[in-house]
Amino acid sequence: MVIDVLWDNIKIIRIDKVNGMYISTAYHENLDAVRHSGFPLFFLKQINLVSDELPIIVKKRISNIYNIRGKLKFKDDIEEKELENYIAKYINETGCQRPTDKFKIHIEL
Amino acid sequence: MKENIEDYRKSGYINLDEYLLNNPEGFTYPYYIDGYDEKNFWTRVGKEEKEKFIYVKPREYEYLNNEYNVYSELLYEELMKQVGIKNVDFDLAQYDGNVATISENILEDYNKDQFIINASELLESKYYNTEEKYNIEDLFDSIHEYCMADYLDEEIEEKCINDIQKVCIADIFALSTDREACDFDFIAGINTKGEEDLELAPLCHNTYALGSNFSKDEIIDMLDEPDILADKLSECSYSAGVPEYKRESEYPYWEDTLYYLIEENEDNYAFAKECAENMNIDNAILNVEKKTNSKIPEEYKTFVRIAFDNRLRSICECLNLDYYKIMDDKYYECEMEEI
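Report on the accompanying structure. (Residues numbered from 1 in each chain as written. Chains lettered and ligands numbered in written order. Predicted model: local features only at pLDDT ≥ 70, side-chain atom pairs only at ≥ 80, totals over all residues. Heavy atoms only, no water.)

Thoughts on the nonpolar core
Soluble globular proteins tend to pack their nonpolar side chains together in the buried interior.
Residues and elements named next belong to chain B.
Alright, step 1. Membership of the largest hydrophobic core comes to 120 residues, with the highest contact counts inside it found for Ile 164, Phe 184, Phe 186, Leu 198 and Tyr 300.
Alright, step 2. For Tyr 300, the residues in contact, after removing those within four places along its chain, are Tyr 68, Tyr 71, Ser 72, Leu 75, Ala 209, Leu 210 and Ile 219.
Alright, step 3. One finds Ile 5, Tyr 8, Ile 14 and Tyr 95 within the second-largest nonpolar core, a separate group that totals nine residues. (Core = buried A, V, L, I, M, F, W, Y, C linked by side-chain atoms within 4.5 Å. Buried < 20%, exposed > 50% of the residue type's maximum accessible area, 1.4 Å probe, protein only. Contact = heavy atoms within 4.5 Å.)

Set out below in structure tokens:
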């Protein structure tokens with residue numbers, strides 16, 4: 001699974017899930033460009049290179065999906081894989097963006 | 001938004017459910033603000049070129065301590081206006097069968113390159129993986145880190161911190177008990193001058209101010225027995241309080257926070273004095289009733305007046321101010337206005 005974090009539609013962070021660990025890399029070539037559109041460098045400080053948890057920027061935005069998931073009416077016998085696909089589609093369509101937000105999340109299962 | 005939505009006001013409340021029925025494309029799906037507070041969300045209104053957002057705060061009846069909760073939010077806003085603190089422009093609404101408070105997008109007057117950061121994002125970035133309850137000093141440290149990392153001027157940092165301190169002082173006057181360090185929002189990004197900026201956003205988390213932390217029965221009991229009221233008010237804690245090493249007791253009481261803020265800070269002392277002189281609960285009540293075109297329940301009005309006066313008296317003792325002189329000046333002004 002690969003998660004990309006975008007700012008103003010420019011990729012800034014790539015997170016790979018490998019054996020249950022999240023490995024983060026910055027798209028350093030894009031940092032100058034995002035800096036000009038107001039990206040706070042402070043947010044890079046919170047991201048661990050290797051961690052067993054998602055970075056807080058991603059975690060907080062994806063947790064919103066689970067709030068909405070509770071409201072969606074799924075059949076009881078829905079397969080976990082199908083649910084994952086549905087949520088991934090939802091994340092990519094909405095970008096997990098808050099209205100006042102420039103962050104966007106993109107996920108590839 | 002105001003003009004259209006105003007037609008749906010009934011007995012003080014704007015009926016958002018009815019608005020939605022007649023304008024099915026009016027709202028897109030709600031955006032939740034964050035994981036902490038799942039009940040509050042921004043929602044999008046209209047699909048024009050310049051989309052507008054409103055902040056909706058639905059209050060399920062089970063979640064409410066009493067039916068006055070929504071009024072306290074509006075009264076709080078009026079009190080803050082009197083001392084020049086920016087607050088979201090709240091209005092009463094009914095949404096999904098529950099009472100709610102709504103506001104327009106606070107970013108509308110700002111540059112398109114500006115956005116809102118919740119204080120929890122700053123705090124969690126600095127204190128990653130800790131489960132401690134944050135105090136205001138933690139928040140100041142996080143702001144300092146943010147400004148350092150983004151090469152922001154010291155003046156910006158100082159202004160942010162001063163604004164937060166002022167909000168905390170005004171909160172104590174307005175009997176707020178649930179202002180947590182995460183209840184602040186910041187407007188960050190590039191401002192209209194093309195410079196990077198960070199400023200305190202208008203306040204929107206004002207739950208449990210002006211006695212709305214008590215239940216309706218408690219309020220009615222307290223009106224009968226003023227001694228209980230005085231005791232309960234003096235016991236009120238203040239969540240965003242001082243760090244533990246500055247406290248005299250286990251809980252962060254409001255006195256500790258007030259002393260911590262005004263100690264060795266003349267500006268804060270002057271602001272506290274300004275709050276004592278300029279905050280007028282009667283004017284706030286009048287303005288709320290005018291704005292919502294409805295009447296606040298009489299027992300709550302009486303309670304708020306007594307409670308606010310009681311707190312003002314206690315604060316005057318702490319600040320060595322002459323309570324009677326302040327009250328005389330206030331009533332003299334009111335009388336002059338009437339004449």
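Once you've had a look at it, read on.
Some details on the sheet that holds strand β4 (residues 50-51) of chain A
All names here are of chain A.
Alright, step 1. Pairing within the open sheet is antiparallel, and its five strands lie in the order β4-β3-β2-β1-β5. Each edge of the sheet is formed by a strand with only one pairing partner; in this case those strands are β4 and β5 (103-108).
Alright, step 2. Sheet topology note: the strand β3 (residues 21-26)/β4 ladder contains two bridges and is antiparallel. In the strand pairing of β4, Ile 23 is matched with Val 50. (Pairing = 2+ DSSP bridges. Helix = DSSP H or I, 4+ residues; strand = E, 2+ residues; numbered from the N terminus.)

Points about the pairing of strand β7 (residues 98-104) of chain B
Each regular strand shows side chains that alternate between the opposite faces of the sheet.
Residue and element names in this part refer to chain B.
Alright, step 1. When you tally the buried positions in β7, you get six out of seven residues, the bulk of the element.
Alright, step 2. As paired strands, strand β6 (residues 91-95) and β7 are joined by five bridges and run antiparallel to one another. If you follow Leu 92 over to β7, its bridge partner there is Thr 101.

So, a nonpolar patch on the surface
Residues and elements named next belong to chain A.
Alright, step 1. On the surface, Val 18, Met 21, Ile 23, Leu 49 and Val 50 cluster together to form a nonpolar patch covering roughly 400 Å² of accessible area.
Alright, step 2. Checked against the element boundaries, Met 21 lands in strand β3.
Alright, step 3. On the basis of relative accessibility, which here comes to 33%, the residue Met 21 falls in the partly exposed class. (Patch = residues over 30% accessible without salt bridge, like charges linked within 9 Å, V, L, I, M, F, W, Y side chains within 5 Å. Areas by Shrake-Rupley, 256 points an atom, 1.4 Å probe, with all protein chains shown as cover. Salt bridge = Lys/Arg side-chain N within 4 Å of Asp/Glu carboxyl O.)

Some words on a negative patch on the surface
Residue and element names in this part refer to chain B.
Alright, step 1. A cluster of acidic side chains, namely Asp 217, Asp 221, Asp 224, Glu 225, Asp 227, Asp 231 and Glu 235, defines a negative patch on the protein surface.
Alright, step 2. For the negative patch, the secondary-structure elements that each account for two or more residues are α7 (216-224) and α8 (226-234).
Alright, step 3. With three residues, the top contributor of residues to the negative patch is α7.
Alright, step 4. Along the chain, the position of Asp 221 falls in helix α7. (Lys, Arg positive; Asp, Glu negative; His and termini not counted. Charge placed at Lys NZ, Arg CZ, Asp CG, Glu CD.)

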